[in-house]
Amino acid sequence: MPAPNSAPRMLLPENSVGNGVISAANTLRDGTGTIVDIFTPGAMGGEIELLRVQAQGVTTAGVVRIFVHNGAAYRLYKELLVTAVTPSTTVEAFSIDFVPAKRLILPAGYKLGASTHNAETFTVFAQGGNY
């Protein structure tokens, strides 16, 4: 019987944060339409530990969608609900953090993308790293 892999997987510090700005309305859940790449792992793959969506202005009720591209097509991974917020000096702009319940591991050749249901501007940050 072969010995189990005893070497722990460690995230490398380079490419530890990916980000992209989404603003084009895309109401589709099927992986088509405008999707912006957020994180592309290196040759050994990578892992996402946290996603943060930060609005750049006024938001209305909507959805930010997170997709995983498997090398051939985007597939819907998660929908994050957006609430209506009018930011000011006393009200923060909308933001949400998402921590995957299970590790989100992306093999080499995969990538993470995002889209917004409404034509509103968000920056999507992916914190993680490469193996």
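Refer to the structure above for everything that follows.
Everything numeric here is computed off the predicted structure, so don't read it as measured data.

**Some details on the side chain of Thr123**
Secondary-structure assignment places Thr123 in strand E9 (residues 122-130). Residue class for Thr123 comes out buried when judged on its relative accessible area of 12%. Separated by 3.1 Å, the side chains of Thr123 and Gln56 make a polar contact. Excluding residues within four positions of it along the chain, Thr123 makes contact with Gly20, Val21, Arg52, Val53, Gln54 and Gln56.

**Examining the environment of Asn130**
By the secondary structure assignment, Asn130 is in strand E9. Overall, the relative accessible area of 9% leaves Asn130 in the buried class. Taking the C-alpha atoms as reference, Asn130 lies 6.5 Å from Glu47; in sequence the two are 83 residues apart. A distance of 2.8 Å separates a polar atom in the side chain of Asn130 from the backbone nitrogen of Gly42.

**A closer look at the side chain of Glu120**
As for its position among the elements, Glu120 is in the loop between strand E8 (111-116) and E9. Here Glu120 is buried and forms no salt bridge, its nearest opposite-charge partner Arg65 lying at an N-O distance of 11 Å. A polar side-chain atom of Glu120 sits 2.6 Å from a polar atom in the side chain of Thr60. Residues contacting Glu120, with those up to four places away along its chain left out, are Ile22, Ser23, Val58, Thr59 and Thr60.

**Structural notes on the nonpolar core**
The biggest cluster of nonpolar side chains holds 22 residues, and the ones touching the most others in it are Ile48, Ile66, Leu112 and Phe122. Taken together, the elements giving at least two residues each to this core come down to strand E2 (36-39), strand E3 (46-55), strand E4 (62-69), strand E5 (74-82), strand E7 (104-106), E8 and E9. Considering each element in turn, this core owes the most residues, four residues, to E3. Once you skip the residues sitting within four places of it in the chain, Ile48 turns out to touch Phe39, Pro100, Leu104, Leu106, Leu112, Ala126, Gln127 and Gly128.

**Details of the pairing of E8**
Across a regular strand the side chains alternate sides, sitting on one face of the sheet and then on the other. Counting buried residues in E8 gives five out of six residues, a clear majority hidden from the surface. Judged from the three bridges that link them, E2 and E8 form a sheet pairing that is antiparallel. Bridge assignment links Val36 to a residue of E8, and that residue is Ala114. Where E4 meets E8, six bridges bridge the pair, whose relative direction is antiparallel. By the bridge assignment, Phe67 is partnered in E8 with Gly113.

**Some words on the packing of aromatic side chains**
Evaluation of the coordinates by the stated rule reveals three aromatic pairs. Between Tyr77 and Phe98, the ring centres sit 6.4 Å apart and the planes meet at 70 degrees, which makes this aromatic pair edge-to-face. Of this pair, Tyr77 sits in strand E5 while Phe98 sits in strand E6 (residues 95-98), placing them 21 residues apart in sequence. Among the residues examined, Tyr77 registers a relative accessible area of 32% and is labelled partly exposed. Aromatic side chains Phe94 and Phe122 sit 6.4 Å apart centroid to centroid with 85 degrees between the ring planes, which places their arrangement in the edge-to-face category. Here Phe94, found in the loop between E5 and E6, pairs with Phe122, found in strand E9; they are 28 residues apart in sequence, far enough to count as distant. As far as burial versus exposure is concerned, Phe94 and Phe122 are alike and both buried.

Rules behind the numbers
Residues numbered from 1 in each chain as written. Predicted model: local features only at pLDDT ≥ 70, side-chain atom pairs only at ≥ 80, totals over all residues. Heavy atoms only, no water. Helix = DSSP H or I, 4+ residues; strand = E, 2+ residues; numbered from the N terminus. Buried < 20%, exposed > 50% of the residue type's maximum accessible area, 1.4 Å probe, protein only. Polar contact = N/O pair within 3.5 Å; in protein donor to acceptor, adjacent residues only side chain to side chain. Contact = heavy atoms within 4.5 Å. Lys, Arg positive; Asp, Glu negative; His and termini not counted. Salt bridge = Lys/Arg side-chain N within 4 Å of Asp/Glu carboxyl O. Core = buried A, V, L, I, M, F, W, Y, C linked by side-chain atoms within 4.5 Å. Pairing = 2+ DSSP bridges. Phe/Tyr/Trp six-rings, centres within 6.5 Å; stacked < 30°, edge-to-face > 60°.

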